[in-house]
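# Chains, contacts and geometry: an overview
What follows is each chain in one-letter form.
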Amino acid sequence: MEDVKIHPALSWDCPKCNKENFQRMQVAGLLDGFSADVVEEIKERMGIPPDEAGDFLRHPKTLTCSDPSCLFMFEDFNYDDNGESDD
């Protein structure tokens, strides 16, 4: 048996053609590019225990249907006008 790497992904239905789409999530390392003080502030603001480590998963702001006959592009409704996620 071979080992495989499992990737976080999201699925969504195209609002135009109803095709089910799958897309890998963007993984943002929790410590990448941030000082320890900023990481501590982010964890506090998000309710993450100080001793917990891990990565953030981000979904894209825009999505495009993978059906070649559709290719409908739209913005994810979870984002506000400032590009911030409502989640």
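As shown above, the structure is provided for reference.
These lines cover the structure that appears in this document, whether it is placed above or below. Counting from 1, residues in each chain are numbered in the order their sequence is written. Note on the predicted model: pLDDT of at least 70 is required for a residue's local features to be given, and 80 or more for side-chain atom pairs to be given and counted; whole-chain, interface and lining totals, by contrast, use all residues. Heavy atoms throughout the structure, all of them, feed into the side-chain values; hydrogens and water do not.

## A look at the nonpolar core
In this structure, L10, W12, C14, M25, L63, C65, C70 and F74 together form the largest nonpolar core, which totals 8 residues. Only heavy atoms matter for contacts: two residues are in contact if any of them lie within 4.5 Å across the pair. For F74, the residues in contact, after removing those within four places along its chain, are W12, P15, K61, T62 and L63. Among buried residues, the Ala, Val, Leu, Ile, Met, Phe, Trp, Tyr and Cys ones that are joined through side-chain atoms within 4.5 Å form a nonpolar core. Each residue is placed in one exposure class: buried if its accessible area under a 1.4 Å probe, protein chains only, is under 20% of its type's maximum, exposed if it is over 50%, and partly exposed if it falls in between.

## Comments concerning unusual backbone geometry
With glycine set apart, most residues show a phi of negative sign, and most peptide bonds adopt trans. One non-glycine residue, N18, lies in positive phi territory at about 70°. We count a stretch as a helix when DSSP gives it H or I for four or more residues in a row; a strand needs E for two or more, and each element gets its number in order from the N terminus. Considering the arrangement of structural elements, one finds N18 in the loop between strand 1 (9-13) and strand 2 (20-24). Of the residues examined, N18 reaches a relative accessible area of 60% and is grouped as exposed. Even without glycine at this site, L71 takes up a positive phi of about 50°.

## Details of the pairing of strand 2
One face of the sheet, then the other: side chains in a regular strand alternate in exactly this way. For two strands to count as paired, DSSP must find a minimum of two bridges between them. Two strands pair when backbone bridges link them, and strand 1 and strand 2 are joined in this way by 5 bridges, in the antiparallel orientation. Residue D13 lies in a different strand from strand 2, and its bridge partner there is E20. As consecutive antiparallel partners, strand 1 and strand 2 are separated by 6 residues, and within that stretch N18 has a phi angle of approximately 70°, a positive value.

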